[in-house]
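The primary structure of each chain is shown beneath.
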Amino acid sequence: MITLDTVGKTFPATRRQAAVTALEDVSLTVERGQVMGVVGPSGSGKSTLARIVNLLERPTTGTVTVDGLDLTALTSARALNDARRGIGMIFQQFNLLDSRTALANVELPLELAGVGRAERRARAGELLERVGLGDKLGSHPSQLSGGQRQRVAIARALAPRPKVLLCDEATSALDPVSTASVLALVRTLTDELDLTTLLITHEMDVVKRVCDHVTLLEHGRVVDSGALGDVVARPESPLATRLLPHPGPPSDDRAVEVVVGGDSPDTVLTDLIRRYDVHVTVLGGAVETLGGQRFGRLQLRVDGAPDEVRGALDHLAAHQRPTTETAA
Amino acid sequence: MINWERVGPALWQATLETVYMVSASMALALVLGIPLGVLLLLTAPDGLTPRRVVSSVVGAIVNMGRSVPFIVLLVLVAPITRLVTGTTIGSTATIVPLTIAAVPFFARLVEAALREVHPGKVEAARAMGASTGQIVRAVLLPEARPGLIAAATVTLIALISYSAMAGAIGGGGLGDFAIRYGYQRFDTAVTVACVVVLLIMVQLLQSAGDRLARRLAHR
């Protein structure tokens with residue numbers, strides 16, 4: 001649904017500062033229905049990346065394809081504006097119009113697209129109802145809380161029935177409770193409306209809650225990318241331990257570290273003990289819910305007869321997501 | 001003491017002349033100044049459609065208009081005044097220099113008011129696929145409304161003050177009246193009466209402007 005191919009963005013030098021390369025050789029694909037989180041330290045080019053997808057920033061090199069349409073190839077402003085209607089966007093500062101009521105704010109993109117008044121009004125009302133603000137149609141943004149404003153912004157972004165939703169630090173200005181409810185809303189709407197969502201954030205916690213895929217950006221380059229379950233199990237992945245904390249150095253030289261959970265059954269230890277005559281000691285571990293699935297990083301010590309231990313370790317290797325193995 | 005029977009109707013006449021000159025030139029300033037302010041904003045180097053040449057030419061003309069003292073402008077634009085109104089004296093003739101002074105003044109204030117609109121709102125509109133014209137009409141002008149009202153109030157009050165110089169070309173109005181009846185006939189009471197009328201006018205306009213701006217602010 002969203003494909004960035006070797007995208008680069010360099011801001012030209014100005015009188016005050018030298019040229020800045022915000023993105024370099026970024027290739028990224030978000031499949032239909034996915035929620036892709038893009039994380040990275042500030043200045044890593046995350047926001048530029050979001051703004052490249054709807055060409056608010058035109059990439060210096062590479063191509064941007066959304067829903068099969070190469071946006072970078074569009075030459076007329078009109079064609080680009082039409083394409084942008086298929087891409088909703090929400091922002092850290094909400095960017096609602098203070099002079100308009102919640103209802104009129106949601107109507108705005110429809111107004112711009114030339115939708116008639118009655119239809120516009122009905123659609124906006126229905127969307128505000130859907131984001132839980134059915135009783136706030138006539139309120140101005142100043143009368144709403146941060147979380148409510150972001151909900152209005154979500155309704156506004158979805159009004160023209162886009163296929164893609166871009167969230168640029170959408171919860172960074174919100175308190176924890178509003179953050180949780182806005183994220184839940186983004187996830188629900190993505191699933192129900194068959195959206196594809198690209199979510200820019202600096203908080204790993206946001207990724208853990210709503211994303212199923214994640215990309216790490218550093219100095220304008222993609223350092224790591226993949227499905228949460230895969231990333232978590234890859235020992236060399238810089239994201240793995242940030243998603244699922246490392247329990248610390250093993251206290252036993254026979255410790256085996258495994259990553260369990262995700263789409264594989266959550267019954268690793270039970271199976272292990274039932275099939276093999278071994279004692280299993282949990283030396284350390286962490287369990288996290290990532291994108292709705294439970295993952296655990298466990299440090300185990302397996303004791304017993306050498307054959308049984310070997311069998312047990314093979315079982316772990318075959319059925320789970322082993323990361324590091326120390327010979328018993 | 002003032003002979004109200006004689007001065008009263010004349011004072012009323014002068015007040016009407018001032019209202020006439022000021023409101024006509026303000027109307028023209030609105031019609032011409034808003035588009036000009038939008039043009040200044042859009043073509044600026046950091047604007048939505050940067051045009052270096054247009055921006056610097058229009059900017060230079062606007063600055064020129066603002067740097068000429070009104071009393072000089074009054075004389076300077078006399079040929080234009082004659083061309084437009086057929087005469088260079090009287091209230092109607094004064095509207096021409098008043099407008100020429102007000103447009104660049106107001107245009108700069110409009111530009112500043114539009115600049116106050118948070119760039120994020122413009123960006124959100126761009127992300128929705130809004131054209132530049134749509135951004136101006138649906139985002140910039142409505143969001144800047146409180147600032148635009150304040151700008152119009154300031155311009156209106158400046159126009160009242162400028163219009164007092166119209167006496168120099170026989171333009172009529174309160175300033176003219178104060179000079180002719182008050183100063184030249186050594187009747188200070190008339191001057192004071194004119195000042196009081198002007199004071200009331202300015203006070204009323206300022207508080208009406210403030211109230212309107214506040215009501216539209218929604219902040």
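Chain B appears in an unreviewed UniProt entry as ABC transporter permease from Ornithinimicrobium tianjinense. Checking UniProt for chain B, the heading Sequence similarities (unreviewed entry) contains the comment "Belongs to the binding-protein-dependent transport system permease family. CysTW subfamily."

In the nomenclature of an unreviewed UniProt entry, chain A is known as Methionine import ATP-binding protein MetN of Ornithinimicrobium tianjinense.

Caption draft 1: Inspection of the overall build of chain B at higher detail. Check the secondary structure of chain B and you find 10 helices and zero strands. Secondary structure of chain B in N-to-C order comes out as α-α-α-α-α-α-α-α-α-α. Summarising its shape, the C-alpha atoms of chain B cover approximately 70 × 40 × 25 Å along the three principal directions. Out of the 219 residues in chain B, the part that is buried amounts to 46%. Long-range pairs, those at least 24 residues apart, make up 73% of the contacts in chain B with a sequence separation of at least 6. When the accessible surface of chain B is summed, it comes to about 11000 Å², and 67% of that surface belongs to carbon and sulfur atoms. The positive charge centre, built from 17 side chains, and the negative charge centre, built from 10, are 6 Å apart in chain B.

Caption draft 2: A look at the interface of chain A and chain B. Listed by partner, the interface residues are 22 residues for chain A and 20 residues for chain B. Buried area between chain A and chain B, summed over both chains or domains, comes out near 1900 Å², and the portion from carbon and sulfur atoms is 54%. For chain A, the biggest contributors to the area lost against chain B are Asp98, Ser99 and Leu112 of chain A; these three give 28% of the whole. Our count for the chain A to chain B interface comes out at two salt bridges.

Caption draft 3: Up close: the pattern of salt bridges. If you walk through the whole model with that rule in mind, you get 27 salt bridges over all chains. Among the ionic pairs, Glu123 of chain B bridges to Arg51 of chain A, the shortest N-O distance being 2.1 Å. With Glu123 of chain B in helix α6 (residues 119-127) and Arg51 of chain A in helix α1 (residues 46-53), this pair bridges two chains. By relative accessible area, Glu123 of chain B is classed as buried at 18%. A relative accessible area of 16% places Arg51 of chain A in the buried class. With a closest N to O distance of 2.7 Å, Arg130 of chain A and Glu192 of chain A form a salt bridge. Taken together, the positions of Arg130 of chain A in helix α4 (residues 117-130) and Glu192 of chain A in helix α6 (residues 176-192) put the pair 62 residues apart, joining distant regions of the chain.

Caption draft 4: Representation of the packing of aromatic side chains. All names here are of chain B. Counted according to the given criterion, the structure contains one aromatic pair over all chains. For the pair Phe70 and Tyr162, a centre-to-centre distance of 4.8 Å together with 5° between the ring planes defines the contact as stacked. In this pair, Phe70 is assigned in helix α3 (residues 70-76) and Tyr162 in helix α8 (residues 145-163), connecting sequence segments 92 residues apart. For Phe70, a relative accessible area of 5% translates into the label buried. Residue classification places Tyr162 among the partly exposed positions, given a relative accessible area of 23%.

Caption draft 5: Region of the structure containing the environment of Ala14 of chain B. Along the chain, Ala14 of chain B falls in helix α1 (residues 4-43). Setting aside residues no more than four positions away along its own chain, Ala14 of chain B makes contact with Gly173, Leu174 and Phe177 of chain B.

Caption draft 6: Quick look at the confidence of the model for chain B. Per-residue confidence for chain B averages 90 on the pLDDT scale, and 98% of its residues sit at or above 70. Model confidence for the complex: the whole-complex pTM is 0.87, and ipTM, which rates the interface, is 0.85.

Caption draft 7: Molecular detail of the sheet that holds strand β1 (residues 2-11) of chain A. All names here are of chain A. In space, the four strands of this open sheet follow the order β2-β1-β4-β5, with antiparallel pairing throughout. Among the strands making up the open sheet, the edge pair consists of β2 (20-30) and β5 (69-70). Where strand β4 (residues 61-66) meets β5, two bridges bridge the pair, whose relative direction is antiparallel. In the sheet register, Val66 faces β5, and the bridge partner there is Leu69.

Caption draft 8: Main features of the nonpolar core. If you look at the biggest cluster of nonpolar residues, it comprises 85 residues, and the most contacted ones within it are Leu4, Leu49, Val64, Leu71 and Leu198 of chain A together with Leu140 and Phe177 of chain B. A per-element tally of this core places α1 of chain B first, with 10 residues. What Val64 of chain A contacts, discounting residues up to four positions off in sequence, is Thr3, Leu4, Val7, Ile52, Val53, Leu55, Pro59, Leu69, Asp70, Leu71 and Thr72 of chain A. Residues Ala124, Leu127, Leu128 and Leu158 of chain A belong to the second largest nonpolar core, which totals 49 residues.

Caption draft 9: Fine view of the domain arrangement of chain A. All names here are of chain A. Under the domain assignment, chain A is made up of domain 1 (2-232) and domain 2 (244-325). The partner domain 2 presents nine residues to the seven residues of domain 1 that form the contact. Interface of domain 1 and domain 2: buried area, both sides summed, is about 650 Å²; carbon and sulfur atoms make up 58% of it. When the area that domain 1 buries against domain 2 is broken down by residue, the three leading residues are Lys208, Gly229 and Val232, summing to 79%. Linking domain 1 with domain 2 are one salt bridge. A salt bridge links Glu288 to Lys208; the nearest nitrogen and oxygen atoms lie 3.2 Å apart. For the interface between domain 1 and domain 2, the tally reads one residue pair in polar contact (both at pLDDT 80 or more). For the side of domain 1 that touches domain 2, the elements supplying multiple residues, two or more each, are α7 (204-210) and α8 (228-233).

Caption draft 10: Highlighting the UniProt feature "domain: ABC transporter" (unreviewed entry) in chain A. The positions that UniProt labels "domain: ABC transporter" (unreviewed entry) are, in the present scheme, residues 2-244 of chain A. Within residues 2-244 of chain A, the helical portion is 36% and the strand portion 26%, while the C-alpha atoms at the span's ends are 27 Å from each other.

Caption draft 11: Local environment of the pairing of strand β10 (residues 221-227) of chain A. When strand β9 (residues 213-218) of chain A meets β10 of chain A, the two strands line up antiparallel, connected through six bridges. Along β10 of chain A, the bridge assignment pairs Thr215 of chain A with Ser225 of chain A.

Caption draft 12: A look at the pairing of strand β6 (residues 87-91) of chain A. Residue and element names in this part refer to chain A. Counting buried positions along β6 yields five of five residues, so the element is predominantly enclosed. Across the two faces of β6 the burial is the same, with Ile87, Met89 and Phe91 and Gly88 and Ile90 all buried. Bridge count between β6 and strand β7 (residues 164-168): five bridges; the pairing is parallel. In the sheet register, Met89 faces β7, and the bridge partner there is Leu166.

Criteria and cut-off values
- Residues numbered from 1 in each chain as written.
- Chains lettered and ligands numbered in written order.
- Predicted model: local features only at pLDDT ≥ 70, side-chain atom pairs only at ≥ 80, totals over all residues.
- Heavy atoms only, no water.
- UniProt positions renumbered as here; feature names shortened; annotations may be inferred.
- Helix = DSSP H or I, 4+ residues; strand = E, 2+ residues; numbered from the N terminus.
- Buried < 20%, exposed > 50% of the residue type's maximum accessible area, 1.4 Å probe, protein only.
- Contact = heavy atoms within 4.5 Å.
- Areas by Shrake-Rupley, 256 points an atom, 1.4 Å probe, with all protein chains shown as cover.
- Lys, Arg positive; Asp, Glu negative; His and termini not counted.
- Charge placed at Lys NZ, Arg CZ, Asp CG, Glu CD.
- Buried area = accessible area lost by both parts, 1.4 Å probe.
- Salt bridge = Lys/Arg side-chain N within 4 Å of Asp/Glu carboxyl O.
- Phe/Tyr/Trp six-rings, centres within 6.5 Å; stacked < 30°, edge-to-face > 60°.
- pLDDT = per-residue confidence, 0-100.
- Pairing = 2+ DSSP bridges.
- Core = buried A, V, L, I, M, F, W, Y, C linked by side-chain atoms within 4.5 Å.
- Domains from an automatic or database assignment.
- Polar contact = N/O pair within 3.5 Å; in protein donor to acceptor, adjacent residues only side chain to side chain.

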